[in-house]
Amino acid sequence: MEMMIMRLWLAVLIAELLTVVATKSPIDDLLPHSRTIPNTTLNLDLIPQDIPSERLVTKFKTVFHFLIHQDTDQNLCVTVSPNKTRINWKLKFIPNKYKQKIILGNNKSSNLGVELVEYTGVSTPVTYDHQATRGLYEITAQTIDVESNITFYVTLRPNSLIRKFDIPPNKLTVKSNGQRVSLKWNPSHIDQHFTQYSLVISTSNIYSTFLEAKHQLEEKLKRNVTHKSDKTDYRLEIHHLGFHTNYTLTDLIYDRTYYFTVFALNEMRVYTQYASTTFKYQKPKPFALKDAKPRIENLRAHSGKASFRYKVGNRSREPGAEPNKLFWYVMTCDGVVNVEIRCRKTLLVKKRVFGYEKIVLDNTKYGERYVLKVETVSLDETQRVKSIEVMATVRPRMFPMPDMPSDLRIQQYVKPDDCHSVTIGWLPAKSNEDLQYCVYLQNDIPNNSVDFSAKQDQCGLSYGRNWRGNYQRYRCWYTGEKELASVEKVLKLKSSTTYVIRVTVTKPRGRTLSYDLLKLDTNSCGLN
């Protein structure tokens, strides 16, 4: 009997132990299938809530996690307090589909999740305050100089009145457009008409107080005066902007990280941190081109520089394609540009384009990538050029432009006593099919309104202004390719009149290009 009681007692004890082991913890709900993972892989460094937690942070990235166990309408507050050292830290929220990868120690886990905030600062504690969401959070921290003990404090607290009344938070936005970087922030909701702003630009960290930034700038200026050169390779500027809520920069350096902090100055002449953000200025990637698809970009908005990338793909293997040739055209809307084409950083073509240029590359290979770089020749040309149009194709039949001759001049053949007609000629465009030629006339021209020395704005024939409204069409006709010059006699001209003659050529199912303009003066009945 005693033996049976002993066995029953042991059975109950084992059942209780198994019940304790099988009890789910909060992390089991948040990390699917974590119970199937061996204990040796559960190596998360969890930060407790409502308790200041001190952790050693080194110059290498250190990762910490904390959990929000259930849904709540409270705000999540994460405070990071550096100990007299410069620190960079990020806060991420890990969606459910990534949590198991975090537990398993995936090497790419740093790329998972949604980044909520990134901050770089010195000494002053910084708090992230936002609506809490049930789930797993990750803090990645590293010191800039030396390792140090950093205090992390995670807690939940009621939403602020700002959110209850739907007042948007202060936000500093950065927009990059070529070499121009624009900063913009919303005006203050308190004393909007009395609040002034100051912007701190730094390449080292975000400043929590205006006095800290001012002191650092004074120290930097003293070093410049003492040593006549600043050996510390960092930028620090303070701009007092008054009531303006925007600022534009044009002198940033590629592949550098910039820290922008806006301070608000109230009526009491007290500075408070208003908004801040971090921005890495990267070189813009080339615009991707699809075969036979023209691409138009605002060159002026990109400070006169743009790059276009084309890869020789399967189109080169289609019937009618030329696999060893690549056809480009570059067309500017006003202005002159320099063009370079490279393959694997090897310069293949370098030339200056006046208005329009067709470029043919020989000995191209399947799978190779070619980059065409466009840059205006001067600052004045940058103001003139409205846009740039670029196209590339390996299929000649898809090339939309007429194949123009190298000499686009229109010649005038003079008859001594004829002031009411003129015979003109030009070199024909190359084509295997009939092309449409048109002759246009314009009279009553204001003085110096037409620049005959400049190349024609071919872009204006397809886009922008209605140039045909200024011209009278004299005649249009279709003709095939000619080896000799095309000749046309223009009749019924008025005497004592100055004319501008334009000749255009249009490819069937394609585009229109123009020859150079010709000035005709019937006062002298001769070439002017």
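Residues numbered from 1 in each chain as written. Predicted model: local features only at pLDDT ≥ 70, side-chain atom pairs only at ≥ 80, totals over all residues. Heavy atoms only, no water.

Let's talk about the overall build of the protein chain
Working step 1: Across its full length, the protein chain carries seven helices and 31 strands.
Working step 2: The long-range share in the protein chain, meaning contacts at least 24 apart out of those at least 6 apart in sequence, stands at 75%.
Working step 3: Approximately 30,800 Å² of the protein chain is accessible, and the part contributed by carbon and sulfur atoms is 51%. (Helix = DSSP H or I, 4+ residues; strand = E, 2+ residues; numbered from the N terminus. Contact = heavy atoms within 4.5 Å. Areas by Shrake-Rupley, 256 points an atom, 1.4 Å probe, with all protein chains shown as cover.)

A word on the sheet that holds strand β8 (residues 148–157)
Working step 1: Ordered by their spatial adjacency, four strands build an open sheet running β1-β8-β3-β6, and the pairing between neighbours is antiparallel. Both edges of this open sheet fall to β1 (53–57) and β6 (126–131), since each of them pairs with a single strand only. When the angles between neighbouring strand axes are averaged without regard to direction, this sheet yields 25 degrees.
Working step 2: Two elements, β1 and β8, share five bridges in a ladder whose sense is antiparallel. Looking across to β8, one finds that Glu-54 is bridged to Thr-151. (Pairing = 2+ DSSP bridges. Axes fitted to C-alpha atoms, helices over the stretch in contact; angles between N-to-C directions.)

A short note on the pattern of salt bridges
Working step 1: Enumeration according to the criterion identifies 18 salt bridges in this entry.
Working step 2: A salt bridge links Arg-384 to Glu-381; its shortest N-O distance comes to 3.2 Å. Residue Arg-384 and its partner Glu-381 are located together in helix α6 (residues 379–384), separated by three residues, close to a single helical turn.
Working step 3: You can call Arg-384 partly exposed: its relative accessible area is 44%.
Working step 4: Taking relative accessible area as the criterion, Glu-381 reaches 11% and is therefore assigned buried.
Working step 5: By sharing partners, the salt bridges in this structure join Asp-291, Arg-315, Glu-318 and Arg-395 into a single network. (Salt bridge = Lys/Arg side-chain N within 4 Å of Asp/Glu carboxyl O. Buried < 20%, exposed > 50% of the residue type's maximum accessible area, 1.4 Å probe, protein only.)

Section: the nonpolar core
Working step 1: Core analysis: the biggest nonpolar cluster contains 31 residues, and Ile-424, Trp-426, Tyr-437, Ile-501 and Tyr-515 have the highest contact counts within it.
Working step 2: Residue assignment for this core shows that the elements contributing at least two residues are β19 (325–343), β24 (422–426), β25 (435–442), β28 (498–506) and β30 (518–521).
Working step 3: Core analysis: the second largest hydrophobic core is formed by 26 residues, Tyr-310, Val-312, Val-339 and Ile-359 among them. (Core = buried A, V, L, I, M, F, W, Y, C linked by side-chain atoms within 4.5 Å.)

Considerations on the state of the cysteines
Working step 1: Evaluated as defined, the whole model comprises two disulfides.
Working step 2: A disulfide bridge connects Cys-333 with Cys-459, and the sulfur atoms are separated by 1.8 Å. Since a negative S-S torsion denotes a left-handed disulfide, the Cys-333-Cys-459 link at about 45 degrees is right-handed. In this pair, Cys-333 sits in strand β19 while Cys-459 sits in helix α7 (residues 459–462), placing the two residues 126 residues apart along the sequence. The same class applies to Cys-333 as to Cys-459, namely buried.
Working step 3: Paired through a disulfide, Cys-438 and Cys-476 show a sulfur-sulfur distance of 2.0 Å. Linking Cys-438 and Cys-476, the disulfide has an S-S dihedral of approximately 120 degrees and is accordingly described as right-handed. A residue pair is termed long-range when its members are at least 10 positions apart, and Cys-438 in strand β25 and Cys-476 in strand β26 (residues 472–479) qualify at 38 residues. (Disulfide = S-S within 2.5 Å.)

Details of the packing of aromatic side chains
Working step 1: Going through the model one piece at a time under the given rule, you end up with 18 aromatic pairs.
Working step 2: Ring centres of Tyr-310 and Trp-328 lie 6.4 Å apart, and the angle between their planes is 70 degrees; on these two criteria the pair is classed as edge-to-face. Placement of the pair is Tyr-310 in strand β18 (residues 305–311) and Trp-328 in strand β19, with a sequence separation of 18 residues. Across the pair, Trp-328 and Tyr-310 agree in class, each one buried.
Working step 3: An aromatic cluster of three or more residues is present, and its members are Trp-426, Tyr-437, Trp-477 and Tyr-515.
Working step 4: Stacked on the ring of Tyr-234, the Lys or Arg Lys-220 has its end atom at 5.5 Å from the ring centre.
Working step 5: In this structure, Arg-317 is placed above the aromatic ring of Tyr-366, and the distance from its NZ or CZ to the ring centre is 3.7 Å. (Phe/Tyr/Trp six-rings, centres within 6.5 Å; stacked < 30°, edge-to-face > 60°. Lys NZ or Arg CZ within 6 Å of the ring centre and 35° of its normal.)

A few points about the confidence of the model for the protein chain
Working step 1: Averaged over the protein chain, the pLDDT score is 80; the fraction of residues at 70 or greater is 79%.
Working step 2: For the protein chain, the element scoring lowest by mean pLDDT is helix α2 (residues 26–30), at 44; strand β11 (residues 196–202) scores highest, at 95.
Working step 3: Under a pLDDT of 50 for its full length, residues 17–42 has, in the predicted model, 29 contacts with residues more than four places off or in other chains. (pLDDT = per-residue confidence, 0-100.)

With respect to the sheet that holds strand β10 (residues 180–185)
Working step 1: Judged by pairing direction, the sheet is antiparallel, and its three strands sit side by side in the order β9-β10-β13 without closing on themselves. Strands at the two margins of the open sheet, each flanked by one partner only, are β9 (172–177) and β13 (246–249). Direction aside, the axes of adjacent strands within the sheet are offset by 15 degrees on average.
Working step 2: Note that β9 and β10 share six bridges and pair antiparallel. Bridging from a neighbouring strand, Thr-173 pairs with Lys-184 of β10.

So, the environment of Thr-498
Working step 1: Relative to the helices and strands, Thr-498 is located in strand β28.
Working step 2: C-alpha separation for the pair Thr-498 and Asn-443, spaced 55 residues apart in sequence, amounts to 5.9 Å.

So, the pairing of β28
Working step 1: Burial analysis of β28 places eight of its nine residues in the buried class, the great majority of the element.
Working step 2: In this structure, β25 lies alongside β28, joined through seven bridges in antiparallel fashion. Among the inter-strand pairings, Gln-436 is bridged to a residue of β28, identified as Thr-506.
Working step 3: In terms of strand pairing, β28 meets β30 through four bridges, oriented antiparallel. Among the inter-strand pairings, Tyr-499 is bridged to a residue of β30, identified as Leu-520.
Working step 4: Bridge count between β28 and strand β29 (residues 512–514): three bridges; the pairing is antiparallel. Following the sheet pairing, Val-505 is matched in β29 by Leu-513.

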